[in-house]
Amino acid sequence: MGARCSDCIRSRPKQVLFADVKRQLKERTMIRRVLITGGAGFIGSHLARELVRSGYTVRVLDNFSAQVHGKSSRIPDQFENIEVIEGDVRTRAHLKHALRDVDAVYHLAASVGVGQSMYEVHSYVENNTLGTANLLQLLIENPVERLVVASSMSLYGEGLYKSADGRVHFETRRPLERLKKKEWEPLGAEGESLSALPTPESKRPDLASIYALSKYDQEMMCLLMGRTYRIPTVALRFFNVYGTGQSLSNPYTGVMAIFASRLLNGKTPSIFEDGKQMRDFVHVSDVVQACRLALEGPQAVDHAFNIGSGEQITIQEVALRMAEAMGKPHLVPEITGQYRVGDIRHCFADISLARTLLGYRPRVSMESGMRELIEWLAGQRAVDRTQEAREELAVKGLAV
Ligand SMILES: NC(=O)c1ccc[n+]([C@@H]2O[C@H](COP(=O)([O-])OP(=O)(O)OC[C@H]3O[C@@H](n4cnc5c(N)ncnc54)[C@H](O)[C@@H]3O)[C@@H](O)[C@H]2O)c1
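Just so you know, these numbers come straight off a predicted model, no measurement behind them.

Topologically, Lys203 is positioned in the loop between strand S8 (194–197) and helix H7 (210–228). Within the structure, the side chain of Lys203 is placed 3.3 Å from the backbone oxygen of Phe170, a separation counted as a polar contact. What Lys203 contacts, discounting residues up to four positions off in sequence, is Tyr156, Glu158, Gly159, Leu160 and Phe170.

As a matter of local geometry, the ligand sits amid 29 residues, with Asp62, His69, Asn127, Tyr211 and Lys215 nearest to it. Within the side chain of His69, an N or O atom sits 2.7 Å from an oxygen atom of the ligand. Contacts to the ligand include Asn127, whose side-chain N or O atom sits 2.5 Å from a nitrogen atom. Protein coverage of the free-state accessible area of the ligand, which is 820 Å², stands at 94%. Elements that contribute at least two residues to the shell around the ligand include exactly helix H2 (42–53), helix H3 (66–69), strand S5 (146–152), H7 and strand S10 (240–242). The element contributing the most residues to the shell around the ligand is S5, with three residues. Its residues assigned to classes, the shell around the ligand shows 15 nonpolar, 10 polar and four charged.

As a further point, take the pattern of salt bridges. If you walk through the whole model with that rule in mind, you get 22 salt bridges. Here Asp103 and Arg33 are joined by a salt bridge, their closest N and O atoms 3.0 Å apart. Separated by 70 residues along the polypeptide, Asp103 in the loop between helix H4 (92–98) and strand S4 (104–107) and Arg33 in strand S1 (residues 33–37) bring together distant segments of the chain. Since its relative accessible area comes to 31%, Arg33 is described here as partly exposed. One salt bridge connects Glu219 with Arg237, and the closest N-O pair in it is separated by 2.6 Å. Placement of Glu219 in helix H7 and of Arg237 in strand S9 (residues 233–238) is noted, with a sequence separation of 18 residues between them. Like Arg237, Glu219 is buried.

What counts and how
- Counting restarts for each chain: residues are numbered from 1 in the order of the written sequence.
- Selection of residues for local features in this predicted model requires a pLDDT of at least 70, selection of side-chain atom pairs for listing and counting requires 80 or more, and totals for whole chains, interfaces and linings are taken over all residues.
- The side-chain values count all of the structure's non-hydrogen atoms but skip hydrogen atoms and water molecules.
- Helix and strand assignments come from DSSP, with helices taken as H or I runs of at least 4 residues and strands as E runs of at least 2, each series counted from the N terminus.
- Any N or O atom pair separated by 3.5 Å or less is treated as a polar contact, with the protein-specific requirement of one donor-capable and one acceptor-capable atom, and with residues adjacent in sequence counted only for side-chain atom pairs.
- Here a residue-residue contact requires only that any non-hydrogen atoms of the pair lie within 4.5 Å.
- The nearness test applies per residue and asks whether one of its heavy atoms lies within 4 Å of the molecule or strand.
- The method behind every accessible area is Shrake-Rupley, applied with a 1.4 Å probe, and residues are considered shielded solely by the protein chains displayed.
- Following the grouping adopted for this structure description, the nonpolar residues are Ala, Val, Leu, Ile, Met, Phe, Trp, Tyr, Cys and Pro, the charged ones are Asp, Glu, Lys and Arg, and the polar ones are all others, Gly among them.
- For this analysis, a salt bridge means a side-chain nitrogen from Lys or Arg found within 4 Å of a carboxyl oxygen belonging to Asp or Glu.
- Exposed residues in this analysis have more than 50% of their type's maximum accessible area, buried residues have under 20%, and partly exposed residues fall in between, with area computed by a 1.4 Å probe over protein chains only.

Have a look at this one:
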(Lines give C-alpha, C1' and ligand atoms only; values in the text may rest on other atoms or scores of the structure.)
Protein backbone atom coordinates (compact mmCIF):
# COMPACT_ATOMS: atom_id res chain seq x y z
CA MET A 1 0.00 0.00 0.00
CA GLY A 2 2.72 2.39 1.13
CA ALA A 3 4.79 1.48 -1.96
CA ARG A 4 1.83 2.03 -4.33
CA CYS A 5 1.16 5.38 -2.72
CA SER A 6 4.72 6.56 -3.05
CA ASP A 7 4.71 5.34 -6.68
CA CYS A 8 1.66 7.35 -7.45
CA ILE A 9 3.10 10.35 -5.67
CA ARG A 10 6.22 10.04 -7.80
CA SER A 11 4.45 9.43 -11.07
CA ARG A 12 1.79 12.14 -10.81
CA PRO A 13 4.14 15.11 -11.04
CA LYS A 14 5.78 13.48 -14.07
CA GLN A 15 2.44 13.28 -15.87
CA VAL A 16 1.63 16.86 -14.97
CA LEU A 17 5.07 17.92 -16.14
CA PHE A 18 4.69 16.06 -19.43
CA ALA A 19 1.29 17.66 -20.05
CA ASP A 20 2.74 21.05 -19.22
CA VAL A 21 5.67 20.59 -21.55
CA LYS A 22 3.37 19.41 -24.34
CA ARG A 23 1.11 22.41 -23.85
CA GLN A 24 4.05 24.79 -23.72
CA LEU A 25 5.55 23.24 -26.86
CA LYS A 26 2.20 23.58 -28.62
CA GLU A 27 1.97 27.21 -27.61
CA ARG A 28 5.56 27.85 -28.61
CA THR A 29 4.97 26.35 -32.01
CA MET A 30 1.81 28.44 -32.40
CA ILE A 31 3.49 31.72 -31.52
CA ARG A 32 6.81 32.15 -33.25
CA ARG A 33 6.69 35.46 -35.07
CA VAL A 34 6.02 38.53 -33.00
CA LEU A 35 5.44 42.18 -33.87
CA ILE A 36 6.24 44.88 -31.31
CA THR A 37 4.81 48.31 -32.06
CA GLY A 38 6.97 50.96 -30.39
CA GLY A 39 9.64 48.25 -30.21
CA ALA A 40 12.57 50.66 -30.54
CA GLY A 41 11.52 52.44 -27.34
CA PHE A 42 12.70 51.79 -23.81
CA ILE A 43 10.55 48.78 -22.86
CA GLY A 44 10.11 47.52 -26.43
CA SER A 45 13.83 47.25 -27.13
CA HIS A 46 14.44 45.21 -23.96
CA LEU A 47 11.51 42.99 -24.87
CA ALA A 48 12.66 42.54 -28.48
CA ARG A 49 16.13 41.39 -27.40
CA GLU A 50 14.71 38.98 -24.83
CA LEU A 51 12.29 37.44 -27.34
CA VAL A 52 15.08 36.91 -29.88
CA ARG A 53 17.21 35.27 -27.17
CA SER A 54 14.27 32.92 -26.50
CA GLY A 55 14.00 31.88 -30.13
CA TYR A 56 11.15 34.06 -31.43
CA THR A 57 11.29 35.89 -34.74
CA VAL A 58 10.84 39.56 -33.92
CA ARG A 59 9.73 42.51 -36.00
CA VAL A 60 9.57 46.04 -34.68
CA LEU A 61 7.42 48.89 -36.01
CA ASP A 62 8.50 52.26 -34.69
CA ASN A 63 8.27 55.83 -35.98
CA PHE A 64 11.41 56.86 -34.02
CA SER A 65 9.60 59.82 -32.51
CA ALA A 66 12.10 62.69 -32.09
CA GLN A 67 10.93 63.41 -28.54
CA VAL A 68 12.05 59.93 -27.48
CA HIS A 69 14.97 59.24 -29.78
CA GLY A 70 16.39 62.71 -30.37
CA LYS A 71 17.05 63.92 -33.88
CA SER A 72 18.84 60.81 -35.15
CA SER A 73 16.51 57.86 -35.47
CA ARG A 74 19.07 55.30 -34.38
CA ILE A 75 18.35 51.61 -34.16
CA PRO A 76 18.90 50.56 -30.51
CA ASP A 77 22.14 48.79 -29.53
CA GLN A 78 22.36 45.01 -29.81
CA PHE A 79 19.44 44.78 -32.21
CA GLU A 80 20.85 41.85 -34.17
CA ASN A 81 18.30 39.53 -35.80
CA ILE A 82 15.46 41.98 -35.25
CA GLU A 83 13.63 43.30 -38.28
CA VAL A 84 13.01 47.01 -37.88
CA ILE A 85 10.37 48.80 -39.91
CA GLU A 86 10.40 52.57 -39.61
CA GLY A 87 6.71 53.35 -39.75
CA ASP A 88 3.71 54.68 -37.90
CA VAL A 89 0.77 52.92 -36.28
CA ARG A 90 -1.42 55.79 -37.49
CA THR A 91 -0.65 54.85 -41.09
CA ARG A 92 -2.67 51.87 -42.25
CA ALA A 93 -0.20 50.82 -44.95
CA HIS A 94 2.71 50.74 -42.47
CA LEU A 95 0.75 48.62 -40.03
CA LYS A 96 -0.51 46.29 -42.71
CA HIS A 97 3.05 45.73 -43.89
CA ALA A 98 4.23 45.13 -40.32
CA LEU A 99 1.44 42.64 -39.57
CA ARG A 100 2.38 40.25 -42.40
CA ASP A 101 2.78 36.68 -41.11
CA VAL A 102 2.93 37.51 -37.41
CA ASP A 103 1.40 35.26 -34.77
CA ALA A 104 1.30 37.79 -31.93
CA VAL A 105 1.41 41.54 -31.36
CA TYR A 106 2.71 43.57 -28.46
CA HIS A 107 1.19 47.03 -28.74
CA LEU A 108 3.57 49.41 -27.01
CA ALA A 109 3.61 52.40 -29.38
CA ALA A 110 2.30 55.48 -27.61
CA SER A 111 3.02 59.06 -26.65
CA VAL A 112 3.90 58.86 -22.98
CA GLY A 113 3.88 62.29 -21.25
CA VAL A 114 1.17 62.81 -18.63
CA GLY A 115 1.55 66.60 -18.33
CA GLN A 116 2.14 67.11 -22.04
CA SER A 117 -1.07 65.25 -22.86
CA MET A 118 -3.01 68.03 -21.12
CA TYR A 119 -2.13 70.57 -23.79
CA GLU A 120 -1.40 68.30 -26.80
CA VAL A 121 -4.79 66.68 -26.59
CA HIS A 122 -5.29 66.02 -30.27
CA SER A 123 -1.90 64.48 -30.78
CA TYR A 124 -2.25 62.15 -27.75
CA VAL A 125 -5.70 60.95 -28.74
CA GLU A 126 -4.63 60.55 -32.35
CA ASN A 127 -1.50 58.58 -31.52
CA ASN A 128 -2.70 56.45 -28.64
CA THR A 129 -6.42 55.99 -29.17
CA LEU A 130 -6.69 56.20 -32.95
CA GLY A 131 -3.37 54.38 -33.42
CA THR A 132 -4.88 51.50 -31.44
CA ALA A 133 -8.11 51.71 -33.43
CA ASN A 134 -6.05 51.39 -36.59
CA LEU A 135 -4.33 48.29 -35.26
CA LEU A 136 -7.60 46.66 -34.17
CA GLN A 137 -9.25 47.43 -37.49
CA LEU A 138 -6.52 45.50 -39.27
CA LEU A 139 -6.54 42.65 -36.75
CA ILE A 140 -10.16 41.91 -37.68
CA GLU A 141 -8.91 40.74 -41.07
CA ASN A 142 -5.55 39.45 -39.85
CA PRO A 143 -6.25 37.92 -36.43
CA VAL A 144 -3.32 36.83 -34.27
CA GLU A 145 -2.87 34.21 -31.57
CA ARG A 146 -2.17 36.78 -28.89
CA LEU A 147 -2.38 40.54 -28.39
CA VAL A 148 -0.63 42.14 -25.43
CA VAL A 149 -1.29 45.83 -24.83
CA ALA A 150 0.77 48.14 -22.64
CA SER A 151 -1.56 49.88 -20.24
CA SER A 152 -0.66 52.08 -17.30
CA MET A 153 -1.09 52.66 -13.58
CA SER A 154 -2.07 56.20 -14.51
CA LEU A 155 -5.63 55.05 -15.15
CA TYR A 156 -6.23 54.59 -11.41
CA GLY A 157 -5.73 58.26 -10.60
CA GLU A 158 -5.19 58.20 -6.84
CA GLY A 159 -4.40 54.77 -5.42
CA LEU A 160 -6.40 53.00 -2.73
CA TYR A 161 -6.60 54.46 0.80
CA LYS A 162 -7.98 53.50 4.19
CA SER A 163 -9.05 55.56 7.17
CA ALA A 164 -8.22 54.84 10.82
CA ASP A 165 -11.57 53.07 11.29
CA GLY A 166 -10.51 50.51 8.64
CA ARG A 167 -12.82 51.77 5.89
CA VAL A 168 -11.35 51.51 2.39
CA HIS A 169 -11.60 54.61 0.17
CA PHE A 170 -11.81 53.90 -3.55
CA GLU A 171 -12.29 57.39 -4.92
CA THR A 172 -10.09 60.08 -3.52
CA ARG A 173 -9.26 63.41 -5.09
CA ARG A 174 -7.28 66.45 -4.04
CA PRO A 175 -9.14 69.75 -4.60
CA LEU A 176 -7.05 72.54 -6.11
CA GLU A 177 -7.74 74.82 -3.11
CA ARG A 178 -5.98 72.36 -0.78
CA LEU A 179 -3.00 72.00 -3.14
CA LYS A 180 -2.68 75.80 -3.25
CA LYS A 181 -2.36 75.70 0.56
CA LYS A 182 0.29 72.95 0.19
CA GLU A 183 -1.97 70.41 1.85
CA TRP A 184 -0.75 67.45 -0.10
CA GLU A 185 -2.38 64.40 1.51
CA PRO A 186 -5.86 63.44 0.27
CA LEU A 187 -8.65 63.33 2.87
CA GLY A 188 -11.77 61.18 3.18
CA ALA A 189 -15.22 62.56 2.32
CA GLU A 190 -15.69 63.70 5.95
CA GLY A 191 -12.24 65.26 6.17
CA GLU A 192 -10.68 62.26 7.90
CA SER A 193 -6.97 61.38 7.47
CA LEU A 194 -6.12 58.52 5.17
CA SER A 195 -3.22 56.16 4.67
CA ALA A 196 -2.27 54.62 1.32
CA LEU A 197 -2.76 50.92 0.51
CA PRO A 198 -1.47 48.82 -2.40
CA THR A 199 -3.82 49.34 -5.34
CA PRO A 200 -5.46 46.24 -6.87
CA GLU A 201 -6.90 45.97 -10.38
CA SER A 202 -10.41 46.06 -8.88
CA LYS A 203 -10.00 49.74 -8.04
CA ARG A 204 -12.20 51.70 -10.40
CA PRO A 205 -10.28 53.90 -12.89
CA ASP A 206 -10.32 57.61 -12.10
CA LEU A 207 -8.76 59.31 -15.08
CA ALA A 208 -6.81 62.46 -14.31
CA SER A 209 -5.11 63.18 -17.64
CA ILE A 210 -5.64 62.72 -21.37
CA TYR A 211 -2.70 60.32 -21.30
CA ALA A 212 -4.48 58.18 -18.66
CA LEU A 213 -7.69 58.32 -20.66
CA SER A 214 -5.88 57.23 -23.81
CA LYS A 215 -4.20 54.32 -21.99
CA TYR A 216 -7.59 53.26 -20.67
CA ASP A 217 -8.94 53.50 -24.22
CA GLN A 218 -6.11 51.33 -25.49
CA GLU A 219 -6.67 48.72 -22.80
CA MET A 220 -10.46 48.58 -23.09
CA MET A 221 -10.50 48.65 -26.89
CA CYS A 222 -8.02 45.77 -27.10
CA LEU A 223 -9.80 43.62 -24.50
CA LEU A 224 -13.19 44.30 -26.05
CA MET A 225 -12.11 43.52 -29.61
CA GLY A 226 -10.13 40.53 -28.38
CA ARG A 227 -13.27 39.09 -26.83
CA THR A 228 -15.38 39.87 -29.89
CA TYR A 229 -13.03 38.41 -32.49
CA ARG A 230 -11.53 35.65 -30.28
CA ILE A 231 -8.09 37.20 -30.26
CA PRO A 232 -6.63 36.16 -26.88
CA THR A 233 -5.75 39.52 -25.34
CA VAL A 234 -3.90 40.62 -22.21
CA ALA A 235 -3.46 44.14 -20.80
CA LEU A 236 -0.49 44.97 -18.58
CA ARG A 237 -0.77 48.04 -16.37
CA PHE A 238 2.85 49.08 -15.93
CA PHE A 239 3.83 51.14 -12.90
CA ASN A 240 6.99 53.34 -12.93
CA VAL A 241 9.39 51.42 -15.14
CA TYR A 242 13.13 52.14 -14.96
CA GLY A 243 16.33 50.69 -16.38
CA THR A 244 19.05 51.05 -18.99
CA GLY A 245 18.09 52.50 -22.34
CA GLN A 246 15.50 54.84 -20.85
CA SER A 247 15.17 58.01 -22.91
CA LEU A 248 17.22 60.72 -21.20
CA SER A 249 16.13 63.43 -23.58
CA ASN A 250 12.39 63.14 -22.99
CA PRO A 251 11.59 65.54 -20.14
CA TYR A 252 7.94 64.55 -20.05
CA THR A 253 8.25 61.07 -18.63
CA GLY A 254 10.32 58.72 -16.47
CA VAL A 255 11.13 60.40 -13.18
CA MET A 256 14.35 58.44 -12.67
CA ALA A 257 15.62 59.40 -16.13
CA ILE A 258 14.70 63.02 -15.42
CA PHE A 259 16.65 62.99 -12.13
CA ALA A 260 19.55 61.25 -13.88
CA SER A 261 19.78 63.82 -16.63
CA ARG A 262 19.79 66.63 -14.03
CA LEU A 263 22.50 64.91 -11.97
CA LEU A 264 24.62 64.11 -15.05
CA ASN A 265 24.52 67.81 -15.88
CA GLY A 266 25.64 68.76 -12.36
CA LYS A 267 22.19 70.05 -11.35
CA THR A 268 20.03 69.15 -8.36
CA PRO A 269 16.94 67.05 -9.07
CA SER A 270 13.87 69.12 -8.36
CA ILE A 271 10.81 67.57 -6.82
CA PHE A 272 7.19 68.63 -6.84
CA GLU A 273 5.15 68.98 -3.61
CA ASP A 274 7.11 67.81 -0.55
CA GLY A 275 8.71 64.73 -2.09
CA LYS A 276 6.76 62.33 0.12
CA GLN A 277 4.51 61.05 -2.67
CA MET A 278 4.83 57.27 -3.02
CA ARG A 279 5.26 55.23 -6.19
CA ASP A 280 6.18 51.72 -7.27
CA PHE A 281 9.36 51.51 -9.37
CA VAL A 282 9.69 48.31 -11.36
CA HIS A 283 12.82 47.26 -13.22
CA VAL A 284 12.46 46.87 -16.98
CA SER A 285 13.61 43.23 -16.88
CA ASP A 286 10.69 42.43 -14.58
CA VAL A 287 8.35 44.18 -17.01
CA VAL A 288 9.85 42.04 -19.80
CA GLN A 289 9.25 38.96 -17.65
CA ALA A 290 5.57 39.96 -17.36
CA CYS A 291 5.36 40.53 -21.13
CA ARG A 292 6.79 37.06 -21.76
CA LEU A 293 4.30 35.48 -19.36
CA ALA A 294 1.45 37.37 -21.00
CA LEU A 295 2.43 35.88 -24.35
CA GLU A 296 2.71 32.35 -23.11
CA GLY A 297 0.41 31.91 -20.10
CA PRO A 298 -3.02 30.44 -20.94
CA GLN A 299 -4.58 31.94 -17.79
CA ALA A 300 -3.58 35.48 -18.70
CA VAL A 301 -6.16 35.96 -21.42
CA ASP A 302 -8.85 38.64 -21.04
CA HIS A 303 -7.31 40.11 -17.89
CA ALA A 304 -5.64 43.40 -17.00
CA PHE A 305 -2.72 42.98 -14.60
CA ASN A 306 -0.77 45.37 -12.41
CA ILE A 307 2.92 45.08 -13.19
CA GLY A 308 4.99 46.70 -10.47
CA SER A 309 7.60 45.64 -7.96
CA GLY A 310 5.05 45.37 -5.15
CA GLU A 311 7.20 47.80 -3.10
CA GLN A 312 6.65 51.48 -2.46
CA ILE A 313 9.16 54.32 -2.16
CA THR A 314 8.91 58.10 -1.92
CA ILE A 315 10.09 60.26 -4.80
CA GLN A 316 12.43 62.12 -2.47
CA GLU A 317 14.07 58.83 -1.42
CA VAL A 318 14.60 57.91 -5.08
CA ALA A 319 16.32 61.25 -5.77
CA LEU A 320 18.52 60.98 -2.67
CA ARG A 321 19.55 57.41 -3.49
CA MET A 322 20.37 58.34 -7.08
CA ALA A 323 22.50 61.33 -6.09
CA GLU A 324 24.32 59.17 -3.55
CA ALA A 325 24.89 56.27 -5.96
CA MET A 326 26.12 58.63 -8.69
CA GLY A 327 28.70 60.03 -6.26
CA LYS A 328 26.95 63.41 -6.12
CA PRO A 329 25.42 63.52 -2.63
CA HIS A 330 26.07 67.30 -2.56
CA LEU A 331 23.37 67.70 -5.22
CA VAL A 332 20.63 67.54 -2.60
CA PRO A 333 17.19 67.34 -4.23
CA GLU A 334 15.31 70.62 -4.28
CA ILE A 335 11.81 70.35 -2.81
CA THR A 336 9.91 72.94 -4.79
CA GLY A 337 6.54 72.90 -3.05
CA GLN A 338 5.03 73.29 -6.53
CA TYR A 339 2.43 70.95 -7.92
CA ARG A 340 1.18 69.80 -11.28
CA VAL A 341 -2.51 69.68 -12.07
CA GLY A 342 -3.57 66.03 -12.37
CA ASP A 343 -0.67 64.61 -10.33
CA ILE A 344 -1.67 62.02 -7.80
CA ARG A 345 -0.31 61.65 -4.30
CA HIS A 346 0.24 57.92 -3.80
CA CYS A 347 -0.17 54.90 -6.01
CA PHE A 348 1.69 51.62 -5.73
CA ALA A 349 0.82 48.17 -6.99
CA ASP A 350 -0.92 45.21 -5.48
CA ILE A 351 0.56 42.51 -7.73
CA SER A 352 -1.29 39.49 -6.28
CA LEU A 353 -3.30 38.87 -9.45
CA ALA A 354 -0.20 38.81 -11.66
CA ARG A 355 1.52 36.54 -9.15
CA THR A 356 -1.40 34.11 -9.12
CA LEU A 357 -2.54 34.05 -12.73
CA LEU A 358 0.62 34.94 -14.63
CA GLY A 359 3.20 33.46 -12.28
CA TYR A 360 4.91 36.88 -12.25
CA ARG A 361 7.73 37.27 -9.71
CA PRO A 362 9.61 40.57 -9.67
CA ARG A 363 13.29 39.77 -9.19
CA VAL A 364 15.27 43.00 -9.33
CA SER A 365 15.66 44.99 -6.12
CA MET A 366 15.75 48.78 -6.29
CA GLU A 367 19.34 48.65 -5.05
CA SER A 368 20.67 46.42 -7.82
CA GLY A 369 18.46 47.97 -10.50
CA MET A 370 19.68 51.45 -9.63
CA ARG A 371 23.31 50.27 -9.57
CA GLU A 372 22.95 48.88 -13.10
CA LEU A 373 21.20 52.06 -14.28
CA ILE A 374 23.96 54.23 -12.89
CA GLU A 375 26.73 52.15 -14.52
CA TRP A 376 24.95 52.63 -17.83
CA LEU A 377 24.45 56.36 -17.19
CA ALA A 378 28.21 56.82 -16.80
CA GLY A 379 28.58 56.34 -20.59
CA GLN A 380 25.61 58.53 -21.56
CA ARG A 381 25.17 62.14 -22.50
CA ALA A 382 21.88 63.62 -21.37
CA VAL A 383 20.29 66.77 -22.69
CA ASP A 384 18.53 68.26 -19.69
CA ARG A 385 15.26 69.73 -20.97
CA THR A 386 13.35 69.56 -17.68
CA GLN A 387 13.33 73.33 -17.16
CA GLU A 388 11.90 73.84 -20.64
CA ALA A 389 9.18 71.25 -19.98
CA ARG A 390 8.36 72.81 -16.62
CA GLU A 391 8.07 76.30 -18.12
CA GLU A 392 5.75 74.92 -20.77
CA LEU A 393 3.49 73.51 -18.05
CA ALA A 394 3.63 76.77 -16.07
CA VAL A 395 2.72 78.90 -19.09
CA LYS A 396 -0.34 76.71 -19.62
CA GLY A 397 -1.29 77.05 -15.93
CA LEU A 398 -0.71 73.33 -15.31
CA ALA A 399 2.12 73.65 -12.80
CA VAL A 400 2.14 76.12 -9.95
N1 LIG B 1 7.92 53.53 -19.00
C2 LIG B 1 6.94 53.52 -18.10
O3 LIG B 1 7.16 53.81 -16.91
C4 LIG B 1 5.55 53.15 -18.50
C5 LIG B 1 4.55 53.11 -17.50
C6 LIG B 1 3.24 52.78 -17.87
C7 LIG B 1 2.95 52.46 -19.18
N8 LIG B 1 3.93 52.51 -20.13
C9 LIG B 1 3.55 52.20 -21.52
O10 LIG B 1 4.49 51.28 -22.07
C11 LIG B 1 4.67 51.55 -23.46
C12 LIG B 1 6.14 51.70 -23.78
O13 LIG B 1 6.65 52.77 -23.00
P14 LIG B 1 8.19 53.20 -23.03
O15 LIG B 1 8.53 53.69 -21.68
O16 LIG B 1 9.00 52.14 -23.67
O17 LIG B 1 8.08 54.47 -23.96
P18 LIG B 1 9.07 54.97 -25.11
O19 LIG B 1 8.65 56.36 -25.43
O20 LIG B 1 10.48 54.71 -24.76
O21 LIG B 1 8.67 53.99 -26.31
C22 LIG B 1 7.56 54.20 -27.12
C23 LIG B 1 8.01 53.93 -28.56
O24 LIG B 1 6.88 54.07 -29.39
C25 LIG B 1 7.28 54.77 -30.54
N26 LIG B 1 6.07 55.39 -31.10
C27 LIG B 1 5.34 56.41 -30.58
N28 LIG B 1 4.32 56.70 -31.38
C29 LIG B 1 4.38 55.83 -32.43
C30 LIG B 1 3.62 55.65 -33.59
N31 LIG B 1 2.58 56.44 -33.88
N32 LIG B 1 3.97 54.66 -34.46
C33 LIG B 1 5.04 53.87 -34.20
N34 LIG B 1 5.81 54.02 -33.12
C35 LIG B 1 5.49 54.99 -32.24
C36 LIG B 1 8.32 55.76 -30.07
O37 LIG B 1 9.18 56.19 -31.12
C38 LIG B 1 9.06 54.93 -29.03
O39 LIG B 1 10.15 54.25 -29.61
C40 LIG B 1 3.82 52.77 -23.77
O41 LIG B 1 2.61 52.33 -24.32
C42 LIG B 1 3.59 53.42 -22.41
O43 LIG B 1 2.37 54.13 -22.39
C44 LIG B 1 5.21 52.85 -19.82
